[in-house]
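Reading the structure
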Amino acid sequence: MGTREKIETVLTRARERTAGLTDCVDGEDLVAQHSPLMSPLVWDLAHIGNQEELWLVRDVGGREPVRRDIDELYDAFKHSRNSRPSLPLLSPDAARDYIRTVRDKVWDVLDRSTFRGRPLEENGFAFGMIAQHEQQHAETMLATHQLRSGAAVLTAESAPRVGGAIAEDEVVVPSGEFTMGTSDDPWALDNERTAHRVDVPAFVIDAVPVTNARYLEFVDDGGYARPELWSERGWAHRLDAGLEAPQFWENDGCGTWWRRRFGVTEPIHPQEPVVHVCFFEAEAFARWDGKRLPTEAEWEKAARWDPFTGRSRRFPWGDAEPDSSLANLGQRHLGPAVVGVYPSGASPLGVHQLIGDVWEWTSSSFEPYPGFAAFPYREYSEVFFGGDYRVLRGGSFGTDPVACRGTFRNWDHPIRRQIFSGFRCARDLPGDDY
Ligand code: AVJ
Ligand code: FE
């Protein structure tokens, strides 16, 4: 596929996803605040259009502004999510008209683009960035749907529920250097750059994400009542927030846990990766299991390093784009698939489901790589470096393939769990003699 066709495909897919998430609820629901942690859906909708206008219509296209007067309203740094419902936002119909007007202009800008010249236009970067931006908000809107109360409105084919056997529970990753990050992936965002060599001591990593069955053992073993399993900050948060189980789990009082997912209460599938846990819960589970969370470098080496060539792949399975046989991405299913259903998506060393299903917490805070340069704006990554964030890797069932790859870095506060977050554990290799 050429650059132009690829851009048409990803922008069209993003808009279909946005429409699917916003056309299924009425106007009142779009302007409502479903959680203080989230924007009203109608804010995301117009913000998507405003970013597209700023970067593609005005900057790349050099066109006149469509709505300069609303820039401030849809600047994520000007108003907290919690305060957005009280702003004089565009109505749902006005927001839909606005994003359609912007997109029509973008098709015209795309027609005239050569994908060469300024760095922003090179290989269609700005178009790819905007498709990723819309899809990141589509995942955020999906999280808003999960927080919304009331009857179910979203539908999708259910995720595969019978997985194959996994040869080993854990995989040894031998010591040595590997290439982390990228300098040549055309649509990689600034924080994924630049490619650099990292020496990683040998370690052991779980072959699959931590499942509900394992997590339930932790809960049943008093995991939430044993401060020694938690970091000091984690325990303080566990008390303060009254954490007792993953978010959206409900105990029926007869000893059985259920979970509410997109308006439907269902039994907890033991073989699905646990989801909606915060970093502190992941850390406590790992300690209970005699393990720890992987660092970001360990996660990426397990996901990308090819022991036969020494090269770092784009994805665990190789450089090919994801498809439905390789990973659970793109909101095709409204939940993670059970472990073991994507054997062809495993890494060369046999680590499964690194991409898709659930975002995986790592122990690393969000910092720049050597050679980092903010591009094209400081507010995408740079202003978050050094803050109270932990890196998450691999994407979830809610992440579109355009915004997911072995180098992609997500980050959030360690207490957040309305995102589609799970984890897998790692441990040092005793003796480090592999
Ligand atoms: C990379 C997911 C943390 O949603 O806050 C969206 C992505 N940046 N608009 C976020 C983003 C600007 C960002 N995360
Ligand atoms: Fe945004």
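Residues numbered from 1 in each chain as written. Chains lettered and ligands numbered in written order. Predicted model: local features only at pLDDT ≥ 70, side-chain atom pairs only at ≥ 80, totals over all residues. Heavy atoms only, no water.

1. Quick word on the side chain of Arg417
Relative to the helices and strands, Arg417 resides in the loop between strand S10 (410-412) and strand S11 (421-422). The buried category is assigned to Arg417, whose relative accessible area is 14%. Filtering out sequence-adjacent residues up to four positions away, Arg417 remains in contact with Leu243, Ala245, Pro246, Gln247, His276, Val277, Cys278 and Glu281. (Helix = DSSP H or I, 4+ residues; strand = E, 2+ residues; numbered from the N terminus. Buried < 20%, exposed > 50% of the residue type's maximum accessible area, 1.4 Å probe, protein only. Contact = heavy atoms within 4.5 Å.)

2. A word on the packing of helix H3 (residues 41-60) against helix H5 (residues 125-147)
Here H3 crosses H5 at 175 degrees, and the two axes come no closer than 10 Å. For the element pair H3 / H5, the angle class is roughly antiparallel. Taking contact as the criterion, the partners of Leu41, Trp43, Asp44, His47, Ile48, Gln51, Glu52, Trp55, Leu56 and Val60 in H3 are, on H5, Ala126, Phe127, Met129, Ile130, His133, Glu134, His137, Thr140, Met141, Thr144 and His145. For the contact of H3 with H5, a count of residues per class yields 11 nonpolar, seven polar and three charged. (Axes fitted to C-alpha atoms, helices over the stretch in contact; angles between N-to-C directions. Parallel < 35°, antiparallel > 145°, perpendicular 65-115°, else oblique. Nonpolar A, V, L, I, M, F, W, Y, C, P; charged D, E, K, R; others polar.)

3. Digging into the packing of aromatic side chains
Within this structure, the stated rule accounts for 31 aromatic pairs. With 5.4 Å between their ring centres and 70 degrees between their planes, Phe285 and Phe423 make a pair best called edge-to-face. Taken as a pair, Phe285 in helix H8 (residues 279-288) and Phe423 in the loop between S11 and strand S12 (426-428) lie far apart in primary sequence, 138 residues in all. The class of Phe423 is buried, set by a relative accessible area of 0%. One aromatic cluster in this structure is built from Trp55, Phe77, Phe366, Phe372, Tyr377, Tyr380, Phe384, Phe385, Tyr389 and Trp411. When the ring centre of Trp107 is taken as origin, the NZ or CZ atom of Arg103, which lies over that ring, is 5.6 Å away. Lys301 extends its terminal NZ or CZ atom over the ring of Trp305, reaching a point 4.7 Å from the ring centre. (Phe/Tyr/Trp six-rings, centres within 6.5 Å; stacked < 30°, edge-to-face > 60°. Lys NZ or Arg CZ within 6 Å of the ring centre and 35° of its normal.)

4. Examining the sheet that holds strand S4 (residues 203-206)
Each strand in a sheet pairs with another by means of backbone hydrogen bonds, the pair being arranged parallel or else antiparallel. Read across the sheet, three strands follow the order S1-S4-S12 without closing on themselves; strand pairing throughout is antiparallel. The open sheet has two free edges, formed respectively by strand S1 (170-173) and S12, since each of these has just one partner strand. Sheet twist, expressed as the mean angle between neighbouring strand axes with direction ignored, is 25 degrees. Two strands pair when backbone bridges link them, and S1 and S4 are joined in this way by four bridges, in the antiparallel orientation. (Pairing = 2+ DSSP bridges.)

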